[in-house]
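Descriptive analysis of the structure
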Amino acid sequence: MDDTSPANAEQAALWNGHAGSAWVRTQAVLDAMFQPLEARLSDAVRAVGANRVLDVGCGTGRTTLAVARQLSATGQCLGVDISAPMIEAAKARAAREVLPSARFVCADVQGHAFEPAAFDTVISRLGVMFFDDPVRAFANLRHAATEGAALRCIAWRGGADNPFMTTAERAAAPLLPGLPPRLPNAPGQFAFADRARVAGILEASGWGEVDIQPFEVECAFPATALADYFTRLGPVGLVLQEVDAATRAQVVETLHAAFAPYVQGDDVRFVAACWMIAARAPVRGAWPCLKLLNAHCARCGSAPARPW
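Here's a quick rundown of the structure. (Residues numbered from 1 in each chain as written. Predicted model: local features only at pLDDT ≥ 70, side-chain atom pairs only at ≥ 80, totals over all residues. Heavy atoms only, no water.)

1. Digging into the overall build of the protein chain
- Summing up its helical and strand segments, the protein chain has 12 helices and eight strands in all.
- Expressed as a percentage of contacts within the protein chain between residues at least 6 apart in sequence, the contacts between residues at least 24 apart total 80%.
- By element, 54% of the accessible surface of the protein chain is carried by carbon and sulfur atoms, the whole surface being about 13,500 Å². (Helix = DSSP H or I, 4+ residues; strand = E, 2+ residues; numbered from the N terminus. Contact = heavy atoms within 4.5 Å. Areas by Shrake-Rupley, 256 points an atom, 1.4 Å probe, with all protein chains shown as cover.)

Here it is as structure tokens:
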């Protein structure tokens, strides 16, 4: 793996350790679960007429491959992730499909030396919430984007909006006192819960035309995979690797009961509450002063012209 900065070492260790391996093992479950998000992002890529796409936090490559299939013969989609196990799985998937328009690289987006102005579209399906320096990361993505390039990212809203996603840790907390707390704005699943903070990050990193809209979709996966889901993934999955067999059995029984309301027939169903984050890379020289969009220019006193 290249360009993993010491400042992002915690995330690198997490996603190259148990978390990354767990995502690879539960790849089929996660693909099914997040298919509606993939479809929404693919639609967004079609809408902007993308041809050279960068997929940030691509994981095992499902979205990268989906986007690559819909590009022109000259199109390319590059998937980037900090997790070596997930990138290896993504490369294997691309090789099986014989899809030369999809490529993958293991790197930390915060510091990776992307070719300047190489991508007309930057996308992410739940992959941009893990930067310890998000302004640096999005500034680097802007550097990799062409003038006028589109940014389209899906991120989770808050934990209160996504009770399914916090069910395991809430139910298991009395049994697992070592569960790490979720800290507001810290790198992790709900780091982008605050819409105003996300807008500020994008503006500070040089993106314009920022538009962040809420949406909800129903997600599902087979009920037979429920135990794999809650014993392998998330904070509970991490802590369960260290407990004794009796505690693990007690936690598993407790979590099956806690998730029972989400089991409908043969499926587990829940609503995912997310943001669709949209922005544009500025066109050089399109306005006289580089201030926040819609702000008046301090030097000339007029509103900047929109370049797109």
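2. Things to note about the packing of helix 2 (residues 18-25) against helix 6 (residues 84-97)
- It is at 7 Å that the axes of helix 2 and helix 6 come closest, and there the two elements cross at 25°. By the angle between their axes, helix 2 is roughly parallel relative to helix 6. Contact residues: Gly-20, Ser-21, Trp-23 and Val-24 in helix 2; Pro-85, Met-86 and Ala-89 in helix 6.
- Of the residues contributing to the contact of helix 2 with helix 6, the split by class is five nonpolar, two polar and no charged. (Axes fitted to C-alpha atoms, helices over the stretch in contact; angles between N-to-C directions. Parallel < 35°, antiparallel > 145°, perpendicular 65-115°, else oblique. Nonpolar A, V, L, I, M, F, W, Y, C, P; charged D, E, K, R; others polar.)

3. Things to note about unusual backbone geometry
- Within the chain, Leu-126 stands out as a residue other than glycine whose phi angle is a positive 60°.
- Structurally, the position occupied by Leu-126 is in the loop between strand 4 (119-125) and helix 7 (134-144).
- With relative accessibility at 10%, the residue Leu-126 sits in the buried group.
- Even without being glycine, Asn-185 reaches a positive phi, approximately 70°.
- With respect to the helices and strands, Asn-185 occurs in the loop between helix 8 (163-172) and helix 9 (195-204). (Buried < 20%, exposed > 50% of the residue type's maximum accessible area, 1.4 Å probe, protein only.)

4. Side note on the nonpolar core
- In this structure, Phe-138, Phe-192, Trp-207, Phe-221 and Tyr-229 are the most contacted members of the largest nonpolar core, which totals 91 residues.
- Here this core takes eight residues from strand 8 (residues 267-280), the largest share from any one element.
- Counting five residues, the second largest nonpolar core, distinct from the first, contains Trp-15, Ala-19, Ile-82 and Met-86. (Core = buried A, V, L, I, M, F, W, Y, C linked by side-chain atoms within 4.5 Å.)

5. Things to note about the side chain of Thr-121
- Within the secondary structure, Thr-121 is located in strand 4.
- Ignoring sequence-local partners within four residues, the contact set of Thr-121 consists of Val-48, Ala-50, Arg-52, Val-53, Leu-54, Ala-149 and Ala-150.

6. A closer look at the environment of Val-239
- Counting through the fold element by element, Val-239 comes out in helix 11 (residues 234-239).
- Residue classification places Val-239 among the buried residues on the basis of a relative accessible area of 17%.
- In sequence terms Val-239 and Pro-177 are 62 residues apart; their C-alpha atoms lie 9.6 Å from each other.
- Other than its neighbours up to four places away in sequence, Val-239 contacts Leu-176, Gly-178, Leu-179 and Pro-180.

7. Brief notes about the pattern of salt bridges
- All told, the structure shown has 11 salt bridges when counted by the stated rule.
- Among the ionic pairs, Asp-31 bridges to Arg-93, the shortest N-O distance being 2.7 Å. Separated by 62 residues along the polypeptide, Asp-31 in helix 3 (residues 27-33) and Arg-93 in helix 6 bring together distant segments of the chain. Note on accessibility: Asp-31 and Arg-93 belong to one class, buried.
- When salt bridges that share partners are traced, they join Asp-31, Glu-38, Arg-62 and Arg-93 into one network. (Salt bridge = Lys/Arg side-chain N within 4 Å of Asp/Glu carboxyl O.)

8. Here's the deal with the side chain of Asp-108
- Its place among the elements puts Asp-108 in the loop between strand 3 (102-106) and strand 4.
- Buried charge without a salt bridge: Asp-108, with Arg-136 as the nearest opposite-charge side chain at an N-O distance of 5.7 Å. (Lys, Arg positive; Asp, Glu negative; His and termini not counted.)

9. Topic: the pairing of strand 5 (residues 145-156)
- Within strand 5, 11 of the 12 residues are buried, leaving the element largely enclosed by the surrounding structure.
- Here strand 4 runs beside strand 5; their pairing, made up of six bridges, is parallel. Across the sheet, the residue bridging to Thr-121 is Ala-150, located in strand 5.
- Handedness of the strand 4-helix 7-strand 5 crossover: right-handed.
- Pairing of strand 5 with strand 8, which is carried by seven bridges, proceeds in the antiparallel orientation. (Pairing = 2+ DSSP bridges. Right-handed = clockwise from strand over helix to strand, strands pointing away.)

10. Looking at the packing of aromatic side chains
- Applying the stated criterion across every chain yields a total of 15 aromatic pairs.
- Aromatic pair Trp-15 and Phe-130: ring centres 5.4 Å apart, planes at 75°, arrangement edge-to-face. Of the two residues, Trp-15 sits in helix 1 (residues 9-15) while Phe-130 sits in the loop between strand 4 and helix 7, which places them 115 residues apart along the sequence.
- The interplanar angle of 90° and the centroid separation of 6.2 Å between the aromatic rings of Tyr-229 and Phe-259 together place this pair among those described as edge-to-face. Of the two residues, Tyr-229 sits in helix 10 (residues 226-232) while Phe-259 sits in helix 12 (residues 245-259), which places them 30 residues apart along the sequence.
- Note on Tyr-229: relative accessible area 9%, which makes it buried.
- The exposure class assigned to Phe-259 is buried, which follows from its relative accessible area of 1%.
- Chaining the aromatic ring pairs together yields one cluster made of Phe-164, Phe-221, Tyr-229, Phe-230, Phe-259, Tyr-262 and Phe-270. (Phe/Tyr/Trp six-rings, centres within 6.5 Å; stacked < 30°, edge-to-face > 60°.)

So, to be careful, I would describe these as geometric facts and stop short of saying anything about function.
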